[in-house]
Amino acid sequence: MSALDIHIRAKRFGDAVVLRDLDLRVADGEVVAITGRSGVGKTTLLNIIAGLDLAFEGEVSPAPADSRVGYVFQEPRLLPWRTVSENLCLACGITPAQAQQWLADVGLAREGVKVPGQLSLGMQRRVAVARALAIRPAVLLLDEPFASLDAETATEMRALLQRLLAAHPTTTLLVTHDAAEAAELAHRNVVLDRGDASRSTA
Amino acid sequence: MPRPPSKGRLVWILSLGSLLALWVVAAALTDPLTLPGPVQVFDVMAREAASGELFRQLGVTLYRVLLSFVLAMSLGIMIGLWMGLNRSADRFLDLWLVFFLNLPALVVMILAYVWLGLTEVAAILAVTVNKVPNVVVTVREGARALDPKLAEMARVFRFTRGQTLRHVILPQMAPFLAAAARSGIALIWKIVLVVELLGRGSGVGFKLHLHFQLFEIDAILAYALAFIAVMQIVEWGILRPLERRANRWRHA
């Protein structure tokens, strides 16, 4: 039985069809990379799985409303007026002590009292990863987690994700345009092309 | 009293001193009935304060200012959020907004007094109706500027309605609410005086009317200065600290 079963007949924006006849099954604990050119509908796919986009033809099972989805958006999307620790407590319903534990796990043990504006993009994104995992998600969605990071920070981020996914095995969809990083992190790579998953490599 | 930034304090004292000096000189050049000097005005103020009349009238006016302010802000925030977040509501109400924005304050006052009589309700209503459109415009601007990405985040992480309002929407609205509150107080206290002058038997506006009829310029200036002082206390004692608090995270 698959942990995530996606069947999208069509997703339109106006007259343009972005996703068409997309079938994707993800096994429990499997990490699947979604690659493809910009504008091919990768983020749209994640938004559908997260239940943010309901205007499509098809089915997602389990329905987003019935499952916990941890979403690491392309931008960190932290509340700028709350401290890093408060961001975790609010979004995940955890205690400050638990938040502190998660921050230590992503290497930000001392940043909890700061507001997001005082952190670099790489650090903010690590907070976003901690937030997504701290809700103990059934499905983890990562949208370009390495975009706009310098090479060194991106490498650190990859290592961090590898470590976290080993410690908390989670069914994961990783959207990226970089085949190399996809190969390093994922069990399987799915290439989106003009809306359908045309190739799938093990 | 206002607390200006410390390095500007000297300029501030100079500025205040020049204003007083200008007043003294102008008063010396005219007759004391037309333009009484500062000493005479502060004398009257002290006399009115000692009798309790000054505080009673200031209190009545301040009460009207606050009541209309709370009503106008509440109504304006509700309508402004609605218009900012709902496109059909915005289209429908936009014409109304333009109408009420351009309706002269005096017309609203006259109509309120004609339709409801020279009553407290008519006075408060007239002031509120004058202010609501301005609040709506500012709040609508804020609602339109709300970040949809944070709203999506709140949905994914299952924020309750209350949590979304308190932690996601209100902090983004704070600068707009502060702007609406600030311009609100400034506009309302001026309108309240006119409403009192036209149709109430109490308040600073009524006193100004009375002393105008008696041609007592010193009393008019005494009440005007006392009122400016009260509004400055509201500004520096309440509005500024609230604004600072809402914007604290920006300077962290």
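Model, not experiment: these values are computed from the prediction.

**Side note on the domain arrangement of chain B**
Residues and elements named next belong to chain B.
At step 1: As assigned here, chain B comprises domain 1 (1-30) and domain 2 (33-251).
At step 2: The gap between the C-alpha centroids of domain 1 and domain 2 is 28 Å.
At step 3: With eight residues of domain 1 at the interface, the matching set in domain 2 holds seven residues.
At step 4: In terms of residue class, the side of domain 1 that touches domain 2 is made up of six nonpolar, one polar and one charged.

**Observations concerning the interface of chain B and chain A**
At step 1: On the side of chain A, 17 residues touch chain B, which itself brings 13 residues to the contact.
At step 2: Every element with two or more residues in the side of chain B that touches chain A is listed here: α7 (148-156) and α8 (161-199) of chain B.
At step 3: Broken down by element, the side of chain B that touches chain A gets its largest block of residues, six residues, from α7(B).
At step 4: Residue composition of the side of chain B that touches chain A, by class: eight nonpolar, two polar and three charged.

**Overview of the pairing of strand β3 (residues 31-35) of chain A**
Residue and element names in this part refer to chain A.
At step 1: Of all five residues making up β3, five are buried, and the element is well covered by its neighbours.
At step 2: The side-chain alternation of β3 yields two buried faces, one formed by Val31, Ala33 and Thr35 and the other by Val32 and Ile34.
At step 3: In this sheet, strand β7 (residues 171-175) lies alongside β3 in parallel orientation, the contact comprising four bridges. Bridge pairing in β7 links Val31 to Thr172.
At step 4: Taken together, the four bridges between β3 and strand β8 (residues 188-193) define a ladder with parallel strand orientation.

**Remarks on the packing of helix α3 (residues 53-85) of chain B against helix α9 (residues 204-213) of chain B**
All names here are of chain B.
At step 1: Where α3 meets α9, the axes come as close as 8 Å, and the angle between the chain directions of the two elements is 125 degrees. Relative to α9, the element α3 lies oblique. For the pair α3 and α9, contact is made by Gln57, Leu58 and Thr61 and by Val204, Gly205 and Lys207, respectively.

**Details of the environment of Glu86(A)**
At step 1: Counting through the fold element by element, Glu86(A) comes out in helix α2 (residues 84-92).
At step 2: Note: C-alpha distance between Glu86(A) and Gly112(A) (26 residues apart in sequence) is 8.0 Å.

**A closer look at helix α3 (residues 96-105) of chain A**
All names here are of chain A.
At step 1: Of the residues making up α3, those classed as buried are Ala99, Trp102 and Leu103. The buried residues of α3 occupy an angular sector of 100 degrees when projected down its axis, which confines them to one face.
At step 2: Elements in contact with the buried residues of α3: α2 and α4 (121-134).
At step 3: Looking one or two places after α3, you find Gly107, whose phi comes out positive at around 75 degrees.

**Side note on the domain arrangement of chain A**
Residue and element names in this part refer to chain A.
At step 1: The domains assigned to chain A are domain 1 (2-67 + 138-201) and domain 2 (79-135).
At step 2: For domain 1 versus domain 2, the distance between C-alpha centres works out to 24 Å.
At step 3: The interface of domain 1 with domain 2 comprises nine residues on the first partner and nine residues on the second.
At step 4: Looking at the side of domain 1 that touches domain 2, the element that brings in the most residues is helix α5 (residues 151-167), giving four residues.

**Description of the sheet that holds strand β4 (residues 57-61) of chain A**
All names here are of chain A.
At step 1: The three strands lie next to each other as β2-β1-β4, forming an open sheet whose pairing is antiparallel. Each edge of the sheet is formed by a strand with only one pairing partner; in this case those strands are β2 (16-27) and β4. Each neighbouring strand pair of the sheet contributes to a mean axis angle of 10 degrees, computed without reference to strand direction.
At step 2: Of the strands in this sheet, β1 (2-13), β2 and β4 touch helix α1 (residues 42-50), which is tilted by about 120 degrees from β1.

**A short note on the confidence of the model for chain B**
At step 1: Within chain B, residue pLDDT values average 90, and 97% of them lie at 70 or more.
At step 2: Interface confidence for the predicted complex, expressed as ipTM, amounts to 0.89; the pTM equals 0.77.

**Observations regarding α9(B)**
At step 1: When α9(B) is considered as a whole, its buried residues turn out to be Val204(B), Gly205(B), Phe206(B), Lys207(B) and Leu208(B).
At step 2: For α9(B), the elements touching its buried residues are α3, α8 and α10 (217-246) of chain B.

**Overview of the pairing of strand β5 (residues 69-72) of chain A**
Residue and element names in this part refer to chain A.
At step 1: Residues of β5 alternate between two faces, with Val69 and Tyr71 on one and Gly70 and Val72 on the opposite face, all of them buried.
At step 2: Relative to strand β6 (residues 139-143), β5 runs parallel, the two sharing four bridges. Counted as the bridge partner of Val72 is Leu142 from β6.

Calculation rules
Residues numbered from 1 in each chain as written. Chains lettered and ligands numbered in written order. Predicted model: local features only at pLDDT ≥ 70, side-chain atom pairs only at ≥ 80, totals over all residues. Domains from an automatic or database assignment. Contact = placed C-beta atoms within 7 Å. Nonpolar A, V, L, I, M, F, W, Y, C, P; charged D, E, K, R; others polar. Helix = DSSP H or I, 4+ residues; strand = E, 2+ residues; numbered from the N terminus. Buried ≥ 20, exposed ≤ 12 C-beta atoms within 10 Å, placed from the backbone. Pairing = 2+ DSSP bridges. Axes fitted to C-alpha atoms, helices over the stretch in contact; angles between N-to-C directions. Parallel < 35°, antiparallel > 145°, perpendicular 65-115°, else oblique. Arc of directions from axis to C-beta. pLDDT = per-residue confidence, 0-100.

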